[in-house]
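Observations on chain architecture
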Amino acid sequence: MDEKKYFEAPDVEREIQRVLEKYNDTFYNIRKVGFKAIYRIPERCRGEKVVYGSTSTVSEKMRLFIDADFLIEIWKDGWDASNETQKEALIFHELKHCEMEEKETKKGLKIVMKTVPHHFEGFVDEYEKFGDWRNDLPELNNNEKTGEDENE
Ligand SMILES: [Zn+2]
């Protein structure tokens, strides 16, 4: 079997809660949503770019095992080398992918979790708050240093 790749990330989960609170106006809609975070080692690449973080919804099936609505995966070396502002910007970015939608159905109101794509390479309010923060991310390997992620 392959070596273990994923680890628990309680400090990322604390940062998620801190960012949710700090930017309450932005994340008002998802403040009651459950988040779990995991670290990944080593890095994962998408094309030429190394992935600093990615976000996915937890399916109804997987919710039996994971007590959360969204799972945020963070590249551990990238996280450890980032400063406080970069960590905040990364979490802000990942949280912007998360959306809760109330849908009217025949059986009544149904709450649906989903991830949303970028406005461009990021989100408008992310750029307003943090500028082009990805440009200053530390260079840790031969990959292009700009982080790019996916939302599944
Ligand atoms: Zn993204």
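About the cut-offs
- Residues numbered from 1 in each chain as written.
- Predicted model: local features only at pLDDT ≥ 70, side-chain atom pairs only at ≥ 80, totals over all residues.
- Pairing = 2+ DSSP bridges.
- Helix = DSSP H or I, 4+ residues; strand = E, 2+ residues; numbered from the N terminus.
- Axes fitted to C-alpha atoms, helices over the stretch in contact; angles between N-to-C directions.
- Core = buried A, V, L, I, M, F, W, Y, C linked by C-beta atoms within 7 Å.
- Buried ≥ 20, exposed ≤ 12 C-beta atoms within 10 Å, placed from the backbone.
- Contact = placed C-beta atoms within 7 Å.
- pLDDT = per-residue confidence, 0-100.
- Expected span 1.5 Å × (residues − 1).

**What to know about the sheet that holds strand β5 (residues 53–57)**
On the basis of which strands lie adjacent, the open sheet formed by four strands has the order β1-β2-β6-β5 and mixed pairing. Each edge of the open sheet is held by one strand with a lone partner, namely β1 (6–8) and β5. Neighbour to neighbour, the strand axes of the sheet diverge by 30° on average, direction disregarded. Pairing of β5 with strand β6 (residues 70–75), which is carried by five bridges, proceeds in the antiparallel orientation. What sits directly across from Thr 55, in β6, is Ile 72.

**Details of the nonpolar core**
Formed by 22 residues in total, the largest nonpolar core has its most connected members in Val 12, Ile 16, Ala 37, Ile 72, Ile 74 and Leu 95. Elements supplying a minimum of two residues to this core: α1 (10–22), β2 (35–40), β6 and α4 (84–96). The element that contributes the greatest number of residues to this core is α4, accounting for five residues. Residues in contact with Val 12, not counting those within four places in the same chain, are Ala 37, Ile 72, Ile 74 and Trp 79.

**Structural notes on the pairing of strand β8 (residues 108–115)**
Judged by how many residues are buried, β8 sits mostly at the surface: zero of eight residues are covered. Where strand β7 (residues 98–105) lies against β8, eight bridges are found, and the strand directions are antiparallel. Along β8, the bridge assignment pairs Glu 104 with Leu 109. Between the end of β7 and the start of β8, which pair antiparallel, lie two residues.

**Side note on the confidence of the model for the chain**
Per-residue confidence for the chain averages 88 on the pLDDT scale, and 89% of its residues sit at or above 70. Contacts from residues 142–149, a stretch scored under 50 in pLDDT, to residues over four places away or in other chains number 23 contacts.

**With respect to α4**
For an α-helix, 3.6 residues make a turn, and residues three or four places apart therefore share a direction. For α4, built from 13 residues, the straight-helix expectation of 18 Å at 1.5 Å per residue is met to within 8% by its first-to-last C-alpha distance of 18 Å. For α4, the tally of buried residues reaches ten of 13 residues, placing the bulk of the element in the interior. Buried within α4 are the following residues: Gln 86, Lys 87, Ala 89, Leu 90, Ile 91, Phe 92, His 93, Glu 94, Leu 95 and Lys 96.

**Looking at the pairing of β6**
Regular strands have side chains that alternate between both faces of the sheet. For β6, the tally of buried residues reaches five of six residues, placing the bulk of the element in the interior. When β2 meets β6, the two strands line up parallel, connected through six bridges. Bridge assignment links Tyr 39 to a residue of β6, and that residue is Ile 74.

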